[in-house]
Amino acid sequence: MASLKVLTCLIFSLFSFVYGNVPVLLWESSKSERVNTFPAFHRISSEDFQKCILKKVHGEQPVPLIALFAEERLSMEDFSWQDSEGHGYYPRLKYIIENAANTEFLPSVQNPIEAANTLSEFGYSLKTIDHSETSNLPDGCGKILIIKLQEAKPDEDRADMLRRHDEKIAEVYSQLLSKCSHVIGIMTGQQPSWVEPEEVTRLRRSADDNSTSVTGPYTLYQEARGNSMLYSSKVPKLSIDGKEISFPNTSAIISGDNSKANSIKLFVKYGNEYRLTFNFDNQTSGYWYLRSVELSNIGQNENWILKSKNEIYAPLGMSYHTGSTVTFRNVTKDSVKELKFSDFQVEPFFSKTGSKTFSEAMDEVPFFTPAIWSGIFVTFLLALIFTWGVSMIMDIRTMDQFDDPKGKTITVTATD
């Protein structure tokens, strides 16, 4: 049963990734017979979702109050994930769902927030509320409230952000129940967690036109003129002789050098302590390479060249991406220095100057992936069972002598 749930979750996640749809969790505080039914694995359009909501509110007295809680990014895994103790990201929301009169879960909906916005055309009062404005919620029923949940803080990872949103949802829902007896709650997102946003919004430019300062729970380095860009889901970690040094993400100053025709340097300076220099070139026709990362200790005037075990390259006009950890290393007799990036993506030599988005990515995938190893193991196991079965069939001994009713009776000895 558990394997079936995991398989279903994976299939729905694939649909969400391919089509850009998001899951929708819908619940009602009052009992209603108007329950929508959709076929399994069905991709629900924005129009169908609008009809779904209209079916629930039409003719109801009092007219329900609709509260839509909008995450920036949301996927199936955010609802199903649990830690070793069985705790998920939304414990308070789970309690609300367990005590709701009606609950529906739609795994793949196209633009549900847009569908809610269009309900104003049917006479419903629509109001969009920011995360920080929930203390002054409007009174009465018959309204549609879209509550935009705040993005992650600079020192906050996604798990902490979702748990903070869980508290906010419970707080707002409790306030709305005191204002209206019939509340329809909707939990959804603007886009799936697995799709990168089309535009980068977490860049803050400094006074120097050739540098960019970075904020956010992830790391995004972009040279201001748009000649190179680097992304990591976490702040890079530096290890010197086993001692880990975490760079302060908010103080990184970015600059670049593209004075040479076939090479680009991306400089990342952390205060007055360390500087990273990413060395790119396109000496090979049609491809660019990240040859090395130079680590500089500014205070002690020391420099080290760090290189990755695997080549980092891609065709010109494409970015390089890997979901695994990328490690740049410098090993000498007396010292070991390592620089690690998580969920690494990089691209230099942009064809369009000033671009703020990555081009299509060339993903680094190991030759023997877990799926391939699983296939090999299952094939070997089936071949072993087949061979054992054939050997058993071949070992069956049939009768080679038969009684002749007109002749002498056959006598079988113990040796036969």
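As the structure is a computational prediction, the values presented were derived from the model and not from experiment.

Participant: Sorry, what's going on with the packing of aromatic side chains here?
Facilitator: The geometry of an aromatic ring pair is captured by the separation of the ring centres together with the interplanar angle, meaning the angle of the planes. Scanning all chains against the criterion turns up 12 aromatic pairs. Ring pairing ties together the aromatic residues F278, Y320, F328, F341 and F344, which thus form one cluster. A cation sits over an aromatic face here: R291 above Y289, 4.2 Å from the ring centre.

Participant: When you look at the confidence of the model for the protein in this model, what are you seeing that I'm missing?
Facilitator: Caution applies to low-pLDDT parts of the model: their predicted coordinates are not meant to be read in detail. Within the protein, residue pLDDT values average 78, and 79% of them lie at 70 or more. Scored below 50 in pLDDT, residues 12-19 shows 13 contacts in the model against residues more than four places distant or in partner chains.

Participant: Teacher, can you tell me more about the packing of helix 4 (residues 91-98) against helix 6 (residues 158-179) here?
Facilitator: Two quantities define a packed helix pair, namely the angle between the helix axes and the distance between the axes. The geometry of helix 4 relative to helix 6 is characterised by a closest axis approach of 7 Å and an angle of 40 degrees between their N-to-C directions. Accordingly, the angle class assigned to the pair helix 4 and helix 6 is oblique. Contact with helix 4, carried on its side by P91, R92, L93 and I96, involves D166, E167, I169, A170 and Y173 of helix 6 and no other residues of that element. Classifying every residue of the contact of helix 4 with helix 6 by side-chain character gives six nonpolar, no polar and three charged.

Participant: Just checking my understanding: could you explain a nonpolar patch on the surface for this structure?
Facilitator: The grouping of F377, V378, F380, L381, L382, L384 and I385 at the surface amounts to a nonpolar patch, some 720 Å² of accessible area in total. On the secondary structure map, V378 appears in helix 7 (residues 370-394). A relative accessible area of 44% places V378 in the partly exposed class.

Conventions used here
- Residues numbered from 1 in each chain as written.
- Predicted model: local features only at pLDDT ≥ 70, side-chain atom pairs only at ≥ 80, totals over all residues.
- Heavy atoms only, no water.
- Phe/Tyr/Trp six-rings, centres within 6.5 Å; stacked < 30°, edge-to-face > 60°.
- Lys NZ or Arg CZ within 6 Å of the ring centre and 35° of its normal.
- pLDDT = per-residue confidence, 0-100.
- Contact = heavy atoms within 4.5 Å.
- Axes fitted to C-alpha atoms, helices over the stretch in contact; angles between N-to-C directions.
- Helix = DSSP H or I, 4+ residues; strand = E, 2+ residues; numbered from the N terminus.
- Parallel < 35°, antiparallel > 145°, perpendicular 65-115°, else oblique.
- Nonpolar A, V, L, I, M, F, W, Y, C, P; charged D, E, K, R; others polar.
- Patch = residues over 30% accessible without salt bridge, like charges linked within 9 Å, V, L, I, M, F, W, Y side chains within 5 Å.
- Areas by Shrake-Rupley, 256 points an atom, 1.4 Å probe, with all protein chains shown as cover.
- Salt bridge = Lys/Arg side-chain N within 4 Å of Asp/Glu carboxyl O.
- Buried < 20%, exposed > 50% of the residue type's maximum accessible area, 1.4 Å probe, protein only.

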